[in-house]
Amino acid sequence: MSDGISDDTQDVVGVLTERIEARFGMDMDQLKAAVAAAPTASPDATDVVKWHGLLTEAQSVLDRAEDDLLAALDTQPSEVDDPTMGLAHRVNVAVTSRDGRALVVRWLLDPDAPGKKDLAAERLARLRLRTGPAVQTSAPQRPAGTPAPASAWGTGRAVR
């Protein structure tokens, strides 16, 4: 692949971490600290730090699943039992999760990625500017001592 990630057994998290550090000019710990101190200063950095965290979490889950599978396979005779097959499926799910998160990180790092320079990207940029919900999420407050408005529903009269 042209982005520095090959199909062999390279450390996906390590390669992407290096790319993140090169892009932002600081190591991950510094970048995480900068994002924690000012999360709205750089939406791109905030997104990358969030997804990098999800990626490292997925890699940890994958590592544990692989270790569990290898331990189970060491105790198996020539035929694999159902619990061990369940562990193999768990590894497959963990790989899919890790790879999906890696794709998101790669997309976030690529300024020319599809969807970053079109109408959808402009809309996303406008949505990022919002500081609160798009619509009111709670009922308006009445001043204290103001009775609730009368409703035809509660009076027993016909509603037209």
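One can find the structure itself at the top, above this paragraph.
Here we summarise the structure given alongside this text. (Residues numbered from 1 in each chain as written. Predicted model: local features only at pLDDT ≥ 70, side-chain atom pairs only at ≥ 80, totals over all residues. Heavy atoms only, no water.)

Re the overall build of the chain
Turning to step 1, where the next piece is worked out: Across its full length, the chain holds six helices and zero strands.
Turning to step 2, where the next piece is worked out: In sequence order, the chain lays out its α and β elements as α-α-α-α-α-α.
Turning to step 3, where the next piece is worked out: The buried share of the chain, reckoned over its 160 residues, is 22%.
Turning to step 4, where the next piece is worked out: Put simply, 54% of the contacts in the chain that link residues at least 6 apart link residues at least 24 apart. (Helix = DSSP H or I, 4+ residues; strand = E, 2+ residues; numbered from the N terminus. Buried < 20%, exposed > 50% of the residue type's maximum accessible area, 1.4 Å probe, protein only. Contact = heavy atoms within 4.5 Å.)

Remarks on the packing of aromatic side chains
Turning to step 1, where the next piece is worked out: One pass over the full model with this rule turns up zero aromatic pairs.
Turning to step 2, where the next piece is worked out: Above the face of the Trp-107 ring, Lys-116 is positioned so that its terminal group lies 4.5 Å from the ring centre. (Phe/Tyr/Trp six-rings, centres within 6.5 Å; stacked < 30°, edge-to-face > 60°. Lys NZ or Arg CZ within 6 Å of the ring centre and 35° of its normal.)

Some points on the pattern of salt bridges
Turning to step 1, where the next piece is worked out: For the structure shown, the criterion picks out three salt bridges.
Turning to step 2, where the next piece is worked out: As a salt-bridge pair, Arg-23 and Asp-44 come within 3.8 Å of each other at their nearest N and O atoms. With a gap of 21 residues between them, Arg-23 in helix H1 (residues 12-24) and Asp-44 in helix H3 (residues 43-74) connect regions that are remote in the sequence.
Turning to step 3, where the next piece is worked out: By relative accessible area, which is 37% here, Arg-23 ends up partly exposed.
Turning to step 4, where the next piece is worked out: Given a relative accessible area of 36%, Asp-44 falls into the partly exposed group.
Turning to step 5, where the next piece is worked out: Linking Asp-99 and Arg-98 is a salt bridge whose minimum nitrogen-to-oxygen distance equals 2.7 Å.
Turning to step 6, where the next piece is worked out: A relative accessible area of 33% means that Asp-99 is categorised as partly exposed. (Salt bridge = Lys/Arg side-chain N within 4 Å of Asp/Glu carboxyl O.)

With respect to the nonpolar core
Most often, soluble globular proteins have nonpolar side chains that are buried together.
Turning to step 1, where the next piece is worked out: Ile-20, Phe-24 and Leu-31 are the most contacted members of the largest nonpolar core, which has 16 residues in total.
Turning to step 2, where the next piece is worked out: Listed by contribution, the elements that provide at least two residues to this core are H1, helix H2 (28-37), H3 and helix H4 (82-109).
Turning to step 3, where the next piece is worked out: When residues in this core are grouped by element, the largest group, five residues, is from H1.
Turning to step 4, where the next piece is worked out: Those residues within four positions of Ile-20 in sequence are excluded, and the remaining contacts are Met-28, Leu-31, Val-48, His-52, Val-105 and Leu-109.
Turning to step 5, where the next piece is worked out: With seven residues, the next largest nonpolar core counts Ala-65, Leu-69, Ala-72 and Val-91 among its residues. (Core = buried A, V, L, I, M, F, W, Y, C linked by side-chain atoms within 4.5 Å.)

Considering a nonpolar patch on the surface
Turning to step 1, where the next piece is worked out: The grouping of Leu-70, Leu-73, Val-80 and Met-85 at the surface amounts to a nonpolar patch, some 340 Å² of accessible area in total.
Turning to step 2, where the next piece is worked out: Tracing the chain through its elements places Val-80 in the loop between H3 and H4.
Turning to step 3, where the next piece is worked out: Residue Val-80 is classed as partly exposed on the basis of its relative accessible area of 41%. (Patch = residues over 30% accessible without salt bridge, like charges linked within 9 Å, V, L, I, M, F, W, Y side chains within 5 Å. Areas by Shrake-Rupley, 256 points an atom, 1.4 Å probe, with all protein chains shown as cover.)

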